[in-house]
Amino acid sequence: MNKLKNTLEKQNQIWVFLIGIALIIAGFYFFFHIQELEEAGQEVRFSRKIQWVYDYLGKYGMFASFEIVGLIALISGIKQLKGKL
């Protein structure tokens with residue numbers, strides 16, 4: 001039972017690390033996607049929550065928010081994984 005618990009804890013820690021990487025990649029994707037739309041003169045539309053961030057902070061603020069949250073998750077995942085694998 002203890003071995004199963006340790007395995008499940010390791011899997012949870014790996015997900016935090018992977019989510020951090022995914023958020024960092026998503027930040028770059030959104031930034032370049034928005035830049036393309038702005039250069040083409042098209043309207044930038046996202047889901048309500050993401051649109052709110054874009055309306056108030058712009059593409060740089062959106063990029064920074066994704067990167068900050070991604071880095072926090074990445075660092076948290078690394079700290080959790082350190083010495084556990």
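That block above? That's the structure.
A.B. asks: When you look at the overall build of the protein chain in this model, what are you seeing that I'm missing?
C.D. replies: The helix and strand inventory of the protein chain stands at two helices and zero strands. Counting all 85 residues of the protein chain, 28% fall into the buried class. Partitioning the intrachain contacts of the protein chain with sequence separation of at least 6 by distance along the chain shows that 69% fall at a separation of at least 24.

A.B. asks: So what exactly am I meant to see when it comes to a nonpolar patch on the surface here?
C.D. replies: A cluster of nonpolar side chains, I14, W15, L18, I19, I21 and I25, forms an exposed patch at the surface whose accessible area comes to about 550 Å². Along the chain, I19 turns up in helix α1 (residues 2-40).

A.B. asks: Can you walk me through the nonpolar core in this structure?
C.D. replies: The tendency in soluble globular proteins is for nonpolar side chains to be buried as a group. Listed in full, the 10 residues of the largest apolar core are A26, F30, I34, L37, V44, F46, V53, Y54, M62 and F66. At the level of elements, α1 and α2 (48-81) are the ones that each hand at least two residues to this core.

A.B. asks: I keep staring at the environment of I78 and nothing clicks. Help me out?
C.D. replies: In this structure, I78 sits in helix α2. Distance in space between the C-alpha atoms of I78 and F17 is 6.4 Å, their sequence separation being 61 residues.

A.B. asks: Explain the packing of aromatic side chains here, please?
C.D. replies: Pairs of aromatic rings are described using the distance from one ring centre to the other and the angle between the two planes. Enumeration according to the criterion identifies eight aromatic pairs in this entry. Consider the rings of F28 and F63, whose centres lie 5.1 Å apart with planes at 70°: the pair is edge-to-face. With F28 in helix α1 and F63 in helix α2, the pair connects residues that are 35 residues apart, well separated along the chain. Residue class for F28 comes out partly exposed when judged on its relative accessible area of 38%. Residue class for F63 comes out partly exposed when judged on its relative accessible area of 23%. Members of the aromatic cluster, each reached through a chain of ring pairs, are F28, F31, F32, Y60 and F63.

A.B. asks: In this structure, what is going on with the side chain of Q51? I would like to understand it.
C.D. replies: Within the element layout of this structure, Q51 appears in helix α2. A relative accessible area of 5% means that Q51 is categorised as buried. Once you skip the residues sitting within four places of it in the chain, Q51 turns out to touch V44, R45 and F46.

A.B. asks: How should I be thinking about α2 in this particular structure?
C.D. replies: For an α-helix the count is 3.6 residues per turn, leaving residues at separations of three or four pointing the same way. For α2, built from 34 residues, the straight-helix expectation of 50 Å at 1.5 Å per residue is missed by more than 12%, its first-to-last C-alpha distance being only 34 Å. Bending of α2 peaks at approximately 120° at the position of L57.

A.B. asks: So what exactly am I meant to see when it comes to the environment of Y60 here?
C.D. replies: With respect to the secondary-structure elements, Y60 resides in helix α2. Taking relative accessible area as the criterion, Y60 reaches 57% and is therefore assigned exposed.

Reading the values: the criteria
Within each chain, residue numbers correspond to sequence positions counted from 1 in written order. With pLDDT at 70 or above as the cut-off, local features in this predicted model cover only qualifying residues; side-chain atom pairs require 80 or more to be listed or tallied, and sums for whole chains, interfaces and linings still use all residues. Hydrogens and waters are ignored; side-chain quantities use all the structure's heavy atoms. Starting at the N terminus, helices and strands are each numbered in turn, a helix being any DSSP run of H or I of at least four residues and a strand any DSSP run of E of at least two. Exposure categories follow from relative accessible area, calculated using a 1.4 Å probe and restricted to protein chains: below 20% of the type maximum is buried, above 50% is exposed, and the middle band is partly exposed. Contacts between residues were defined by any pair of non-hydrogen atoms, one from each residue, lying within 4.5 Å. Every patch collects residues that have over 30% relative accessible area and no salt bridge, joining them within 9 Å if they carry like charges and within 5 Å if they are nonpolar side chains (Val, Leu, Ile, Met, Phe, Trp, Tyr). Here, Shrake-Rupley sampling with a 1.4 Å probe gives the accessible areas, and only protein chains in the shown set may cover a residue. Take a side-chain nitrogen of Lys or Arg and a carboxyl oxygen of Asp or Glu: if they are within 4 Å of each other, that pair is a salt bridge. We define a nonpolar core as any set of buried Ala, Val, Leu, Ile, Met, Phe, Trp, Tyr and Cys residues linked to one another through side-chain atoms lying within 4.5 Å. Any two of the Phe, Tyr and Trp rings considered here, Trp counted by its six-membered ring, make a pair once their centres fall within 6.5 Å; the pair's planes then place it as stacked at under 30 degrees, edge-to-face at over 60, or tilted in between. For a helix, the expected span equals 1.5 Å multiplied by the number of residues minus one. Think of it this way: the bend at a residue is just the angle between two axes, each fitted to seven residues, one set ending at that residue and the other starting at it.

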